[in-house]
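One-letter residues, chain by chain:
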Amino acid sequence: MNPQPFYHRLSHSLLALGIITVAIYLGQDILVPLAHSVLLAVLLRPLEKRLLKLGMHKVVAISLALFLAVLVVAGIGTLLSVQIANFMDDWPKLERNIDDVYRTVRRWVRREYKVSYRQQEQYIEQVKDQTTDSLNGVNTLGLITGPLGTITLIPIYIFLLMYYRTMLLHFCQLLFPEQFTGRVREILGEIKAVIQSYVVGLLLETASVAALNIVGLVVLGVQYAVLLGIMAAILNLIPYIGGLVATVLAVALTMVNHPQIEVLLGVVAVFLFVQFIDNNILVPLIVASKVRINALVSIVGVLIGGVLAGVSGMFLSIPVIAILKVIFDRVEGLEAWGVLLGDETPETKGDGLFKIRRRVQIYTGDEVDT
């Protein structure tokens, strides 16, 4: 049987890609929490396995692993809540400092751009009206209740995914002919290893960034250093915009007790230094070493994920691309796509696909090495 021509296979691939993209966009409210649950369920699998070896019942082991995970998240949330409660006691002072900065900015705008106070007030009122209209829109209720529903569903998803893990793996194997069972098991095992490595690496990176932020802020003598450091590390999980938002928020909160310009510049310097360490040392060493994806595909994937499913889509884009690479590398006919997603070039690879001598059939019937 002759293989299908390239344009025929390409059209099928593009059609499948289009269908998957539309399905993700339309079903993101269901698929995004489910995808997060899959990542966390795979992450908790080693803990569940250890508990099963101790003789625990499967339901008890899963419940205990899930309870410990919730306990860790609740502990971090409690720490942040205490810090936020202390910060709210100083809210009047923050308002006064912000008001001083606001008046200074207004004077600067009037002096430099010749915009009167009245014109500035009209523009601010216009922005307020637009914001109010947006909040009064139809989707506002979903915007508020969505995260609450997600928080409720994710633990349920995780429990069920861990409980029915064997059935789901057996289902994946039955989708393919029996001669491919070994290959399917290999792919599933590699996907599990990639997910566990990526999530663990991401947690280590976040903890390292939080520690560096806290140390830098403590050295500067900034109050609420723990709150600012942890919040900045969590925001850093959002690619591209997370670091910028964290810096702006940290500067704004530092103004409560340290409105001096040198302290504020010190906070900016700390966050820029930590970002430099994160981007050039932590990410390549901890995260990139776990997920071998080139930078170009990572950036494009994050942007596409943001368009399809917002911030959650940006976060999920990297593990999804890593899973696709595992599949492409092991499915005949898709190896080229795996090469495109990877970070190995002909100069660094030196073997495998890059040593394959491709031949081009010309019209005379001769074969030419390329």
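Residues numbered from 1 in each chain as written. Predicted model: local features only at pLDDT ≥ 70, side-chain atom pairs only at ≥ 80, totals over all residues. Heavy atoms only, no water.

A. Examining the environment of Gly-201 more closely. Looking at the element boundaries, Gly-201 is found in helix H8 (residues 181–220). Residue Gly-201 is classed as buried on the basis of its relative accessible area of 0%. Residues Gly-201 and Leu-282, 81 residues apart in the sequence, show an inter-C-alpha distance of 9.4 Å. (Helix = DSSP H or I, 4+ residues; strand = E, 2+ residues; numbered from the N terminus. Buried < 20%, exposed > 50% of the residue type's maximum accessible area, 1.4 Å probe, protein only.)

B. Structural view of the packing of helix H2 (residues 28–53) against helix H12 (residues 295–330). Where H2 meets H12, the closest approach of the two axes is 11 Å, and the angle between their N-to-C directions is 35°. In terms of crossing hand, the pair formed by H2 and H12 is left-handed. Packed against H2, whose contacting residues are Gln-28, Val-32, Ala-35, His-36 and Leu-39, the element H12 presents Leu-308, Ala-309, Ser-312, Phe-315, Leu-316 and Pro-319 at the interface. Of the residues assigned to the contact of H2 with H12, the class counts are 8 nonpolar, 3 polar and no charged. (Axes fitted to C-alpha atoms, helices over the stretch in contact; angles between N-to-C directions. Left-handed = near helix turned anticlockwise from the far one by under 90°. Contact = heavy atoms within 4.5 Å. Nonpolar A, V, L, I, M, F, W, Y, C, P; charged D, E, K, R; others polar.)

C. Region of interest: the packing of aromatic side chains. As enumerated under the stated definition, the model contains 2 aromatic pairs in all. Ring centres of Phe-159 and Tyr-163 lie 6.3 Å apart, and the angle between their planes is 5°; this geometry places the pair in the stacked category. Placement of the pair is Phe-159 and Tyr-163 together in helix H6 (residues 140–163), with a separation of 4 residues, close to one helical turn. Taken together, a centroid distance of 4.9 Å and an interplanar angle of 90° make the contact between Tyr-163 and Tyr-164 edge-to-face. Overall, the relative accessible area of 33% leaves Tyr-163 in the partly exposed class. Owing to a relative accessible area of 38%, Tyr-164 belongs among the partly exposed residues under this scheme. Residue placement shows Lys-58 over the ring face of Tyr-163; its charged tip is 5.0 Å from the ring centre. (Phe/Tyr/Trp six-rings, centres within 6.5 Å; stacked < 30°, edge-to-face > 60°. Lys NZ or Arg CZ within 6 Å of the ring centre and 35° of its normal.)

D. Local environment of the environment of Leu-264. Relative to the assigned elements, Leu-264 resides in helix H11 (residues 261–287). The exposure class assigned to Leu-264 is buried, which follows from its relative accessible area of 13%. When the C-alpha positions of Leu-264 and Leu-220 are compared, they lie 9.7 Å apart, and in sequence the two are 44 residues distant. Ignoring any residue separated from it by four or fewer positions in sequence, one finds Leu-264 in contact with Val-251, Thr-254, Met-255, His-258 and Pro-259.

E. Summary view of the pattern of salt bridges. A full pass over the atoms with the stated rule returns 4 salt bridges. Salt-bridge contacts for Arg-45 lead to Glu-48; the nearest nitrogen and oxygen are separated by 3.2 Å. Taken together, the residues span about one helical turn, with Arg-45 and Glu-48 both in helix H2 at a distance of 3 residues. Judged on exposure class, the residue Arg-45 and its partner Glu-48 are both buried. A salt bridge links Arg-330 to Glu-186, with the nearest nitrogen and oxygen atoms 3.4 Å apart. One end of the pair, Arg-330, is in helix H12; the other, Glu-186, is in helix H8, with 144 residues separating them in the sequence. For Glu-186, a relative accessible area of 42% gives the class partly exposed. (Salt bridge = Lys/Arg side-chain N within 4 Å of Asp/Glu carboxyl O.)

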